[in-house]
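Structure at a glance
Chain residues, written in single-letter form:
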Amino acid sequence: QVQLVESGGGLVQPGGSLRLSCVASGSGFSVYAMGWYRQAPGKPRDFVARIGGGGSTNYADSVKGRFTISRDNAKNTVYLQMNNLKPEDTAVYYCNADGRIVLGLLANYWGQGTQVTVSS
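So, here's what we can say about the structure. (Residues numbered from 1 in each chain as written. Predicted model: local features only at pLDDT ≥ 70, side-chain atom pairs only at ≥ 80, totals over all residues. Heavy atoms only, no water.)

Glancing now at the side chain of Arg71. Tracing the chain through its elements places Arg71 in strand 7 (residues 67-72). There is no salt bridge for the buried Arg71, and the closest opposite charge comes from Asp72, which lies 8.0 Å off by N-O distance. In this structure the side chain of Arg71 is engaged in a polar contact, spanning 3.4 Å, whose partner is the backbone oxygen of Ile51. Beyond its immediate sequence surroundings of up to four residues, Arg71 is in contact with Val31, Tyr32, Ala33, Met34, Ile51, Gly52, Gly53, Thr77, Val78 and Tyr79. (Helix = DSSP H or I, 4+ residues; strand = E, 2+ residues; numbered from the N terminus. Buried < 20%, exposed > 50% of the residue type's maximum accessible area, 1.4 Å probe, protein only. Lys, Arg positive; Asp, Glu negative; His and termini not counted. Salt bridge = Lys/Arg side-chain N within 4 Å of Asp/Glu carboxyl O. Polar contact = N/O pair within 3.5 Å; in protein donor to acceptor, adjacent residues only side chain to side chain. Contact = heavy atoms within 4.5 Å.)

Written out as structure tokens, the structure is:
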């Protein structure tokens, strides 16, 4: 009943930019913190960035100064602006959200991911 849908992934050359979007939906669903994680083949899923309901942000050291997370609370949407992309940024990027539905418990949700490939 709760769905997170990512979009905006694709193929880009080193130094290029992409903007990822994630829309959270569901009847009576309220979103609190939202974030982005990524997973490369053969590697664990790693934290990338997170934004709280009040707008506070956290970033992995590897993306600080290059990536920016933002959100539109009215649309239950989170964005990840990725600049100066590097080959090591290649991964499937997953949207994550802490939220709840009416009369429900706070829970953690995942999207299905969007592929980002940085290559010449």
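Next comes the rest of the account.
Okay, unusual backbone geometry next. Despite not being glycine, Asn84 shows a phi value in the positive range, around 50 degrees. Look at Asn84 and you get partly exposed, because its relative accessible area is 41%.

Each disulfide is one covalent bond, formed between the sulfur atoms of two cysteines. Overall, the coordinates contain 1 disulfide when judged by the stated rule. Between the sulfur atoms of Cys22 and its disulfide mate Cys95 the distance is 2.0 Å. A torsion of -85 degrees about the S-S bond marks the disulfide between Cys22 and Cys95 as left-handed. Of the two residues, Cys22 sits in strand 3 (residues 18-25) while Cys95 sits in strand 9 (residues 91-101), which places them 73 residues apart along the sequence. Residue classification places Cys22 among the buried positions, given a relative accessible area of 0%. Given a relative accessible area of 0%, Cys95 falls into the buried group. (Disulfide = S-S within 2.5 Å.)

Using the criterion set out here, one finds 3 aromatic pairs in the structure. Judged by centre distance (5.7 Å) and plane angle (75 degrees), the ring pair of Tyr37 and Phe47 falls under edge-to-face. Separated by 10 residues along the polypeptide, Tyr37 in strand 4 (residues 29-39) and Phe47 in strand 5 (residues 46-51) bring together distant segments of the chain. Overall, Tyr37 belongs to the buried group, its relative accessible area being 19%. When its relative accessible area of 30% is taken as the criterion, Phe47 is described as partly exposed. Seen in terms of ring centroids, Tyr37 and Trp110 are 5.0 Å apart; in terms of plane orientation they differ by 65 degrees. Their pairing is edge-to-face. Of this pair, Tyr37 sits in strand 4 while Trp110 sits in strand 10 (residues 107-110), placing them 73 residues apart in sequence. For Trp110, a relative accessible area of 38% translates into the label partly exposed. Cluster of aromatic residues (ring-pair linked, three or more members): Tyr37, Phe47 and Trp110. The ring of Tyr94 has Arg45 sitting right over it, with the charged end atom 3.7 Å from the ring centre. (Phe/Tyr/Trp six-rings, centres within 6.5 Å; stacked < 30°, edge-to-face > 60°. Lys NZ or Arg CZ within 6 Å of the ring centre and 35° of its normal.)

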